[in-house]
Amino acid sequence: MDHSALQSRLERYQRLLTVSQILNSTLNLKELLEQIVHAAKDLTYTEATSILLVDPQTGDLFFEAASGSQSDAVKRESVPPDSVAGWVVRHGQAQIITDVSQDHRFSKKTDENTGFHTRSLLTVPMKVKDRVIGVVEAVNRIGDTPFNEEDVEVLTILSAEAAIAIENARLFQQSDLISEMVHELRTPLTSIVAYSELLLRHGLPAEQINSFIETIHQEANRLSKMTNDFLDLSRLQSGRTPLALSSVDIAELARDVIGLLTPQAAERGVRIDSQFSARPITISGDRERLRQVLVNLTGNAIKYNRPDGSIEIKIEPQADRIKIEVSDTGKGIPEKDLPHIFEKFFRVPDSEGYAQGTGLGLSIVKQIIEAHNSEIEVRSTPDVGTSFSFTLKAAG
């Protein structure tokens, strides 16, 4: 090996060491995956890279992160077991495909979705204690020079570091959520135990007994909803619930939600208005998950609204995306609380007693919107109202 080649190799391994230190500095899974794909691209001198992870519940393989301008198009896309990545997961061995057109395992589906043209491919397994949790793929070495054993070695070392970092992030995510959940469960459980003990006493008036039973019933329902919301959020955060993507008429879906919640709004004297076309407005998304988002946002707008207030659901086409906005004329959210409203179990302090909830609804909404490769925004003015908005990719 000549001096320049040796120097280049040393620099490559120095960058790998730096990357390894960076990967161990975060426990945010989304941020971690982005760091891994960009590091892999830099270290392998390739046009694009991606990470695919095995669903721990089903064993299915999904794209979780990718570099490039069309990366959002592949996230959460499933990959068949007979693909190159599927083969690497089953066998735990790296694969170099010099010409993907000559390999029957290569599927053109991802290229068709992104407009990218894959020519060559390097795929290595990510292992934790001999268990393959996914793969890292490097696509098209710049200059179309073939992948070599040094590329395999460098990407294998990165993948080993990445696998450990991903597992640590997952464990932290689960333990953090469980710790918060246990803390929140104590309040309704304490109420149920306390009122149950009171009911065991003799000589209580019938009216008081009925009041205690009603409180126990309310707290038990709250406990049940909290548990269901917790499980839902846990599945969303872990990626175990892939989106069922299809073409969705978001206007028709919004009309369904308005019809569902209008009786609830009428009880509080709240009016629900719509501002969107009667014609179909089609987006690409998961219908049931987006229904969950609209029900949650509209339900909150009803609960936190003022008597005789109003809600507006607005849908506005914008180039290749559709903007959805749910606004109300309610209490509003204090500026100091706005940064925290999507946090798990957070409820605006002065809303206690005004409206009951698990404190998980907006966290679930945020996870669903982010799974659709978007961001949810909130604007609020105390005593004026609150507006939540997000955009979705138009179908076409």
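Just so you know, these numbers come straight off a predicted model, no measurement behind them.

**Some words on the overall build of the protein**
Secondary structure summary: the protein contains nine helices and 13 strands in total. Projected onto its principal axes, the C-alpha coordinates of the protein cover approximately 90 × 55 × 40 Å. Among the 396 residues that make up the protein, the fraction classed as buried is 46%. Of the roughly 20,300 Å² that the protein leaves accessible, carbon and sulfur atoms contribute 52%. One finds the centroid of the 42 positive side-chain charges in the protein at a distance of 2 Å from the centroid of its 56 negative side-chain charges.

**What to know about the nonpolar core**
I250, L297 and I315 are the most contacted members of the largest nonpolar core, which has 51 residues in total. Secondary-structure elements contributing two or more residues to this core are α5 (149-199), α6 (206-238), α7 (250-267), α8 (287-303), β10 (310-318), β11 (321-328), α9 (361-371) and β13 (385-393). Of the residues forming this core, the biggest block, eight residues, is contributed by α7. The contacts of I250, once residues within four sequence positions are left out, are I281, I283, L290, L294, I315, I322, I324 and L392.

**So, the packing of aromatic side chains**
The tally for this structure, following the rule as stated, stands at two aromatic pairs. Ring centres of F342 and F388 lie 6.2 Å apart, and the angle between their planes is 80°; this geometry places the pair in the edge-to-face category. With F342 in the loop between β11 and α9 and F388 in strand β13, this residue pair connects regions lying 46 residues apart in the sequence. Assigned by exposure class, F342 and F388 land together as buried. Here the basic side chain of R105 rests over the ring of W87, its NZ or CZ set 5.3 Å away from the ring centre.

**Re helix α2 (residues 29-44)**
For α2, which comprises 16 residues, the first-to-last C-alpha distance of 22 Å matches the rise-based estimate of 22 Å (1.5 Å per residue) to within 8%. Among the residues of α2, L29, L32, L33, I36, V37, A39, A40, L43 and T44 are the ones counted as buried. Down the axis of α2, the buried set is contained in an arc of 165°. They therefore lie on one face. The N-capping residue of α2, defined by a side-chain oxygen 3.2 Å from the backbone nitrogen of K30, is N28.

**A word on the packing of α8 against α9**
How two helices sit against one another is set out by the angle between their axes and by the gap between those axes. At a minimum axis separation of 10 Å, α8 and α9 run at an interaxial angle of 145°. For the pair α8 and α9, the crossing hand works out as left-handed. For the pair α8 and α9, the contacting residues are R289, Q292, V293, N296, L297 and N300 in the first and G361, L362, I364, V365, I368 and I369 in the second. Residues of the contact of α8 with α9, tallied by class, amount to seven nonpolar, four polar and one charged.

**Observations regarding α7**
Between its first and last C-alpha, α7 extends 26 Å over 18 residues, near the 26 Å set by a 1.5 Å rise per residue. Along α7, the largest kink reaches about 45° and is centred on L261; proline P263 follows within four residues of it. Here α7 has its buried residues at I250, A251, L253, A254, V257, I258, L261 and A265. Sitting at the head of α7, D249 places a side-chain oxygen 3.1 Å from the backbone nitrogen of A251. Residue G269 follows α7 closely and has a positive phi angle near 70°.

What counts and how
The written sequence of each chain sets the order in which its residues are numbered from 1. In keeping with the predicted nature of the model, local features appear solely for residues at pLDDT of at least 70, side-chain atom pairs appear and are counted solely at 80 or more, and the whole-chain, interface and lining totals rest on all residues. Calculation of side-chain values draws on the structure's entire complement of heavy atoms; hydrogens and water are dropped beforehand. Runs of H or I in DSSP of at least four residues are treated as helices and runs of E of at least two as strands, each being numbered from the N terminus. Exposure categories follow from relative accessible area, calculated using a 1.4 Å probe and restricted to protein chains: below 20% of the type maximum is buried, above 50% is exposed, and the middle band is partly exposed. The method behind every accessible area is Shrake-Rupley, applied with a 1.4 Å probe, and residues are considered shielded solely by the protein chains displayed. By the counting rule applied here, Lys and Arg register as positive and Asp and Glu as negative, while His and the ends of each chain are not counted. To locate a charge, take atom NZ for lysine, CZ for arginine, CG for aspartate or CD for glutamate. Only buried Ala, Val, Leu, Ile, Met, Phe, Trp, Tyr and Cys residues count toward a nonpolar core, and they belong to the same one when joined by side-chain atoms within 4.5 Å. In this analysis, two residues are considered to be in contact whenever any of their non-hydrogen atoms come within 4.5 Å of each other. Between 30 and 60 degrees the pair is tilted, below 30 it is stacked and above 60 it is edge-to-face, where a pair is any two Phe, Tyr or Trp rings, Trp via its six-membered ring, whose centres lie within 6.5 Å. Distance and angle both matter: a charge sits over a ring if NZ of Lys or CZ of Arg is within 6 Å of the ring centre and within 35 degrees of the ring normal. How far a helix is expected to stretch is found by multiplying one less than its residue total by 1.5 Å. The arc in question is the one traced by the directions running from the helix axis out to the C-beta atoms. Polar contact is the term for a pair of N or O atoms within 3.5 Å; when the atoms are in protein, one must be able to donate a hydrogen and the other to accept it, and sequence-neighboring residues count only if both atoms are side-chain atoms. Here an angle of 0 to 180 degrees is reported between the N-to-C directions of two axes, which are lines fitted to C-alpha atoms, with helices fitted over the stretch in contact. Definitions for this section: a left-handed crossing has its near helix turned counterclockwise from the far helix by less than a right angle. A right-handed crossing has that turn clockwise. Note on residue classes: Ala, Val, Leu, Ile, Met, Phe, Trp, Tyr, Cys and Pro are nonpolar, Asp, Glu, Lys and Arg are charged, and everything else, Gly too, is polar. Bend is the name given here to the angle between axes fitted to two runs of seven residues, the run ending at a residue and the run starting at it.

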